Amino acid sequence: MTRTPTRILTLFACAVLLLAGCSGGGDGADDGRITLRFQSLAWQDESVKANRELVREWNAGHPDVRVEYVQGSWDSVHDQLLTSFEGGEAPDIIHDASDDLADFAYGGYLADLTGLLPARLTSDIPERSWETVTFGDGVYGVPFLQEPRVLIANATLLKESGLRIPTPEHPWTWPEFRQVTKELSGDGTYGVAWPLKEPVSATLNLSLSTGGQLFHRGADGKVTVRFETGDQVVPRTVHDQVDTDHSASPTTLGSGGSDTLPGFFAGKYAMVPLGFSYRQQIEQQAPEGFDWQVLPAPAGADGLAQGVSPQTLSIAEDSPHKKEAAAFVDFLLQPDNMVRLALGDWMLPTGEQALKDPALHTDEHGWATGAALAEHLRSAPAQSVRGYAEWKDKVATPALQEYYSGAIGMDELRHRLEEDGNLVLARYQR
C-alpha cells in the first residue's frame, strides 16, 4: 500500500527539479552554464596528460561552456557506448575509432557533422581521411589520429646482414621482404615475428598495397566478398614464411603486438610488423644499448598504400548542445593541439598543417619514416561494411588463423571468406 505515496513523492521531486532548471546529460546547470561530457580513450600517460591539459585550457577560456573529462577504455568502448546510447546517457563528445562507427552511424546514435564543423577543420583534413567517417550521405566523426603499420627492426642484426635498408622512397617489395626474412633467419633468430592474434585488420589493411580490396560494392549498394589475386599476396607471404621458409615464428601467430617485444629485445626476431604507436613501448622497455629502427611495410602493385582506421571524435545525436560540442572539437584539433595529441599517442595527425610540424619529421624514433607514409594511408577496406564485425569474428578470424597455422589451404580460405562470409553480410543488406 506504500507504492502510491512513494510514486507521488518521486513525481513531486522531479517536478521541483524541472522547475529549478536542473537536468543531466550535458544540459546547462542552474546558473545557465553548459556542461559537456567528453569521453576520452587516451590511456598512455603522455596522451592522458595532453588530453587533460587541453580540457583545462578550454575551460579556462570558456567559462560558459564547461567540458568534463570522462575516462573510457578501448577494451570495452563498443559495448559501453551501445549501452549508454540506448540508455540516453551517452557523452556529448565521443572518442572512438572509425571502424567502430558504422553501426552507430546507421543506427542514428551519432550526429551528422555536415554543416557543424568550421571550414578550417574540414579543409585541413584530406578527403581520404574523411572517407573513413562517411556513411551514406553523412559525416559521423572527425578523424584526427592515424598510424601506419611499419616494420620495427633490430638495427644491429640488419646492419650486420649487409642487406639493403628500405626507405619510403625505395621500400622492399613483398617478394623481396620474404627473401630478406630468409636471409635474416638462423642461429636461433627468425627473420620476422607476425603478431596475428587479431589477423583480419592487419591482413586487409596491408593488402591494399597489393591491389587487394576484398569487399566489392555493387550498383545496388550491396557488398559482396571476393578474395582475388591481390587479396592473396599478404596472407600467402605470411603462410610461406611460417610453413615453407621457416623464417617467421609460428608461436607468435596467436600473440598480440606487445607479446612479441621480449623476444624481439632478446634477438629472437629480427623484425616485427607493428602499429606505429608501438614505438613508445619499445623506447620505454628496450634494454640499454638495444638499437632499433623503423622501416616502411613492403610495397606491392599499388605501392605503399595501406588501410587505416583513424581515431575519431564524434558528437552524440542526443546531445542538446551540438554546436558547442563542435566548437570544442575544433579547439581540440587546432594544428598545434593536434600535434600535442599526436606526440602524446606516438601517432600521426590527419591534419595537413599539423603534419608539417618539425617534431614529426625527426629521424629519432622513426618519426620521419612514419610521416612519409601518411600520404599513402587510405580508408580501411571494411570501413563502411555493415555486418563486418560479425563477419570478422565468426568467419574471417578463425579462417585466417587456420590458414596461417597450416590447418587449411588457400582454396579453403577463399571458400570460407567468400561463401560463408557473404551469407553473413547478406543478413545486413536486405
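Residues numbered from 1 in each chain as written. Predicted model: local features only at pLDDT ≥ 70, side-chain atom pairs only at ≥ 80, totals over all residues. Heavy atoms only, no water.

S.K.: I'm lost on the sheet that holds strand E11 (residues 292–296) in this one. Help?
M.R.: Strand pairing in a sheet is mediated by backbone hydrogen bonds. Such pairs are either parallel or antiparallel. Strand order across the open sheet formed by 3 strands is E10-E7-E11, with antiparallel pairing between neighbours. Two strands lie at the open edges of the sheet, namely strand E10 (271–275) and E11, each paired on one side alone. Averaged over neighbouring strand pairs, the angle between their axes works out to 35 degrees when direction is ignored. Pairing of strand E7 (residues 149–154) with E10 involves 5 bridges; the strand directions are antiparallel. Bridged to Leu-151 within E10 is Pro-273. (Pairing = 2+ DSSP bridges. Helix = DSSP H or I, 4+ residues; strand = E, 2+ residues; numbered from the N terminus. Axes fitted to C-alpha atoms, helices over the stretch in contact; angles between N-to-C directions.)

S.K.: Sorry if this is basic, but what is going on with the nonpolar core here?
M.R.: Nonpolar side chains in soluble globular proteins tend to be buried together. Formed by 53 residues in total, the largest nonpolar core has its most connected members in Phe-38, Val-142, Phe-328 and Leu-333. Tallying contributions element by element places helix H13 (residues 322–332) first for this core, with 6 residues. Those residues in contact with Phe-38, other than ones at most four positions away along the chain, are Asn-51, Val-55, Val-67, Glu-68, Tyr-69, Val-70, Ile-93, His-95, Leu-313, Phe-328 and Leu-332. Within the second largest apolar cluster, 46 residues are counted, among which are Leu-163, Leu-206, Val-385 and Val-424. (Core = buried A, V, L, I, M, F, W, Y, C linked by side-chain atoms within 4.5 Å. Buried < 20%, exposed > 50% of the residue type's maximum accessible area, 1.4 Å probe, protein only. Contact = heavy atoms within 4.5 Å.)

S.K.: What is the right way to look at helix H14 (residues 335–345) in this model?
M.R.: In an α-helix, one turn spans 3.6 residues, which is why side chains three or four residues apart end up on the same side. Among the residues of H14, those classed as buried are Asn-337, Met-338, Val-339, Leu-341, Ala-342, Gly-344 and Asp-345. Positive backbone phi, at 55 degrees, marks Trp-346, one or two positions downstream of H14.

S.K.: Quick question: what am I supposed to make of helix H2 (residues 45–61) here?
M.R.: Here H2 contains 17 residues, and its C-alpha end-to-end distance of 25 Å stays within 8% of the 24 Å for a straight helix at 1.5 Å per residue. Taken together, the buried residues of H2 touch strand E1 (34–40), strand E2 (65–71), H13 and H14. (Expected span 1.5 Å × (residues − 1).)

S.K.: Help me understand the packing of aromatic side chains in this model?
M.R.: Counted according to the given criterion, the structure contains 22 aromatic pairs. Summarising the aromatic geometry, the rings of Trp-346 and Trp-367 are spaced 6.1 Å apart at their centres and angled 35 degrees between planes, so their arrangement reads as tilted. Taken together, the positions of Trp-346 in the loop between H14 and strand E14 (348–349) and Trp-367 in helix H16 (residues 367–373) put the pair 21 residues apart, joining distant regions of the chain. Like Trp-346, the residue Trp-367 is buried in the burial classification. Between Tyr-403 and Tyr-404 the ring centres are 5.8 Å apart and the planes differ by 55 degrees, which places this aromatic pair in the tilted class. As far as the burial class goes, Tyr-403 and Tyr-404 line up, both buried. The ring of Phe-276 carries Arg-279 above its face, with NZ or CZ at 3.6 Å from the centroid. Directly above the ring of Trp-367 sits Arg-279, whose terminal nitrogen or CZ lies 4.1 Å from the centroid. (Phe/Tyr/Trp six-rings, centres within 6.5 Å; stacked < 30°, edge-to-face > 60°. Lys NZ or Arg CZ within 6 Å of the ring centre and 35° of its normal.)

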